[in-house]
Every structure is written in structure tokens, then in C-alpha cells.
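Architecture and fold: a report
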Amino acid sequence: MEQNKEVKVENKKSFLALENRKKMSLDGVTEIISFNDEQILLKTVLGNMDIRGEELKMNKLDVQNGDVIISGNIGYIVYTTEEKKHRKQNGIIARLFR
């Protein structure tokens, strides 16, 4: 059953380009969850994405086509999923108290 989830994610396509940590182009965006000048949360076809930095701005936003261009000082980009949340609960502290 878990293999089917992996196949579904592999069939979805997304493109991410980062130029000099100043400009990021991304497609496959389905929703803007929240944004400010230090953090942008997006929902993409591959899962939620957390982008952090300074002076972040969305220069191009085309949710209909799923295209976003972000500029600023980008310091952190990570995809998050429900699976990661579950793994976090079984972190180092949980392992210590087994």
C-alpha cells in the first residue's frame, strides 16, 4: 500500500530552480497557505513547502498554472508531509525512553 503512494508522487511533476539564493522559480503550486517577508508556506503537487529567509517577496504568482517566483535572501527550503510529522514523534527523545 505504501508503494502506491510513492508511485503517485513520482507521477506528479514539479520544477524548482534557485539562482544564487536570491531568486526561486517553482511550478506545481496548488495553494498559498501563508506568507510574510520571512516565511512562505505553499501547497505543491509534491507536498507542502516551507521557504524561509529575509525580505521574501512573491514577484510572480499564477496559481491557475501553479507558477511562483520568489525573490529575497532565501536560506531554507523544505518539503513537509504527514509522514514527516509522524517520524518527528519518534525522534531521539522517544527512542531514549523505550
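Everything here concerns the structure above.
Residues numbered from 1 in each chain as written. Predicted model: local features only at pLDDT ≥ 70, side-chain atom pairs only at ≥ 80, totals over all residues. Heavy atoms only, no water.

1. Considerations on a nonpolar patch on the surface
- On the surface, Leu16, Leu18, Ile77 and Tyr79 cluster together to form a nonpolar patch covering roughly 300 Å² of accessible area.
- Contributions of two or more residues to the nonpolar patch are made by strand E1 (16–19) and strand E6 (67–80).
- Considering the arrangement of structural elements, one finds Leu18 in strand E1. (Patch = residues over 30% accessible without salt bridge, like charges linked within 9 Å, V, L, I, M, F, W, Y side chains within 5 Å. Areas by Shrake-Rupley, 256 points an atom, 1.4 Å probe, with all protein chains shown as cover. Salt bridge = Lys/Arg side-chain N within 4 Å of Asp/Glu carboxyl O. Helix = DSSP H or I, 4+ residues; strand = E, 2+ residues; numbered from the N terminus.)

2. A few points about the pattern of salt bridges
- Per the stated rule, a full pass over the model turns up three salt bridges.
- Of the charged contacts, one joins Asp50 and Arg52 as a salt bridge, the two residues approaching to 2.8 Å between their closest N and O atoms.
- Take Asp50: its relative accessible area is 7%, and that puts it in the buried class.
- Residue Arg52 is classed as partly exposed on the basis of its relative accessible area, which comes to 38%. (Buried < 20%, exposed > 50% of the residue type's maximum accessible area, 1.4 Å probe, protein only.)

3. Looking at the nonpolar core
- Of all hydrophobic cores here, the largest spans eleven residues; its members are Met24, Leu26, Val29, Ile40, Leu42, Met49, Ile51, Leu56, Val68, Ile70 and Ile74.
- For Leu56, the contacting residues outside a window of four places in its chain are Asn36, Asp37, Glu38, Gln39, Ile40, Ile51, Ile70, Ser71, Gly72, Asn73 and Ile74. (Core = buried A, V, L, I, M, F, W, Y, C linked by side-chain atoms within 4.5 Å. Contact = heavy atoms within 4.5 Å.)

4. Details of the environment of Lys43
- In this structure, Lys43 sits in strand E4 (residues 39–44).
- In this structure the C-alpha to C-alpha distance between Lys43 and Glu31, which are twelve residues apart in sequence, comes to 5.0 Å.
- Dropping the residues within four chain positions of it, Lys43 is found in contact with Gly28, Val29, Thr30, Glu31, Ile33 and Asn48.

As far as function goes, none of this settles anything; it's purely spatial.
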